[in-house]
Amino acid sequence: MALKTDYKDDGFAGNRKYRMITNADGTMSFEDVTPYDPVGDSFGALDINTTNKAINRLDRVTEVTLTAAGWTGSAAPYTQTVTVAGATAEMEATVVSALADGATEVVQKAYSKAFGIITSGTASLGAGTALFKVYKKPTTDIKIGLKGV
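Residues numbered from 1 in each chain as written. Predicted model: local features only at pLDDT ≥ 70, side-chain atom pairs only at ≥ 80, totals over all residues. Heavy atoms only, no water.

Focus on the overall build of the protein
Under the convention used in this document: The helix count covers DSSP runs of H or I at least four residues long, the strand count covers runs of E at least two residues long, and both are numbered beginning at the N terminus. All radius of gyration figures rest on C-alpha atoms, and the globule criterion is 2.2 Å times the number of residues raised to 0.38.
Along its length, the protein carries 2 helices and 8 strands. Secondary structure of the protein in N-to-C order comes out as β-β-α-β-β-β-α-β-β-β. Its C-alpha atoms give the protein a radius of gyration of 26 Å, clearly above 15 Å, the size a compact globule of 149 residues would have. With the C-alpha coordinates of the protein rotated into their principal frame, the extents come out at 80 × 35 × 30 Å.

Quick look at the packing of aromatic side chains
Operational definition: Each Phe, Tyr or Trp ring (for Trp, its six-membered ring) is paired with any other whose centre lies within 6.5 Å, and the angle between the two planes then decides the class: stacked below 30 degrees, edge-to-face above 60, tilted in between. Buried residues are those whose accessible area, probed at 1.4 Å on protein chains only, stays under 20% of the maximum for their type, while exposed residues exceed 50% and partly exposed ones sit between those limits.
Under the counting rule described, the total for this entry stands at 3 aromatic pairs. Seen in terms of ring centroids, tyrosine 111 and phenylalanine 115 are 5.8 Å apart; in terms of plane orientation they differ by 15°. Their pairing is stacked. On the criterion of helical spacing, the pair formed by tyrosine 111 and phenylalanine 115 is a turn pair, its members being 4 residues apart in helix H2 (residues 105–119). Among the residues examined, tyrosine 111 registers a relative accessible area of 11% and is labelled buried. Using a relative accessible area of 18% as the deciding quantity, one classes phenylalanine 115 as buried.

Here's the deal with a nonpolar patch on the surface
Spelled out, the test is: The patches reported here contain residues having more than 30% relative accessible area and no salt bridge. Joining distances are 9 Å for like charges and 5 Å for nonpolar side chains (Val, Leu, Ile, Met, Phe, Trp, Tyr). Computed with the Shrake-Rupley method and a 1.4 Å probe, the accessible areas treat only the protein chains shown as cover for residues. What makes a salt bridge here is a side-chain nitrogen of Lys or Arg within 4 Å of a carboxyl oxygen of Asp or Glu, nothing more.
A cluster of nonpolar side chains, namely Tyr18, Met20, Met28 and Phe30, defines an oily patch on the protein surface of about 470 Å² accessible area. Elements with a minimum of two residues in the nonpolar patch: strand E1 (18–22) and strand E2 (28–32). With respect to the helices and strands, methionine 20 occurs in strand E1. Classification of methionine 20 by relative accessible area gives exposed; the value is 55%.

Here's the deal with the sheet that holds strand E8 (residues 142–147)
We count it as follows: We treat two strands as partners when DSSP finds at least two bridges between them. Between N-to-C directions, angles cover 0 to 180 degrees, with each direction set by a line fitted to C-alpha atoms, over the stretch in contact for helices. Two residues form a contact once any of their heavy atoms are found within 4.5 Å.
Spatially, the 3 strands line up as an open sheet ordered E3-E8-E5, and their pairing is antiparallel. With one partner strand each, in any of the chains shown, strand E3 (61–66) and strand E5 (94–97) form the two edges of the open sheet. Adjacent strand axes in the sheet meet at a mean angle of 40°, parallel and antiparallel pairs treated alike. Sheet analysis places E5 next to E8, joined by 4 bridges and oriented antiparallel. Following the sheet pairing, threonine 94 is matched in E8 by lysine 147. Of the strands in this sheet, E3, E5 and E8 touch H2, which is tilted by about 50° from E8.

Comments concerning the environment of threonine 50
Secondary-structure assignment places threonine 50 in helix H1 (residues 45–58). Residues threonine 50 and leucine 3 lie 47 residues apart in sequence; the distance between their C-alpha atoms is 7.8 Å.

Here we look at H2
Note the threshold: Given a helix with a known number of residues, its expected span is that number minus one, times 1.5 Å. Arc definition: directions from the helix axis to the C-beta atoms.
With 15 residues, H2 should reach 21 Å at 1.5 Å per residue; the first-to-last C-alpha distance of 21 Å fits that figure. All of the buried residues in H2 are Tyr111, Ala114, Phe115, Ile117 and Ile118. Projected down its long axis, H2 shows its buried positions confined to an angular sector of 155°, all on one face. Exposed side of H2, more than 90 degrees from the buried face: Glu105, Lys109 and Lys113 are the residues found there. The elements touched by buried residues of H2 are E3, E5, strand E7 (129–134) and E8.

A look at the pattern of salt bridges
If you walk through the whole model with that rule in mind, you get 6 salt bridges. Between arginine 16 and aspartate 10 there is a salt bridge; the shortest N-O distance is 3.6 Å. Classification of arginine 16 as partly exposed rests on a relative accessible area of 36%.

Shown next as structure tokens:
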């Protein structure tokens, strides 16, 4: 999802101009009658909420598990699609390690090998999914993090 990046301010010369209007209930309202060139863009709650959601997502890590048995294809590239709640094709994620803290040396070595295979392949996000392509099938299940989803 691309955020709007071409907002424009109102363009005008001198001071803003307002017309004072007397309302039926005795109160006054002011109508902006300034000649604008160009007329600027509005920035409201939808804009800031969308921006804040995108910023908050930058550091969020969503963990997914790729199983050794889940790879399809009889020749490289092998593929595996996993469910990733909230993912969209417009998002760009970074794969990060999700190795459990305190893992044994044996587990670390197996994880490192599988992680290397995954990160030397490719991945793409879709509507609620991530498609991984690798050129060698990992022999173990691996949990990875997708940062930015």
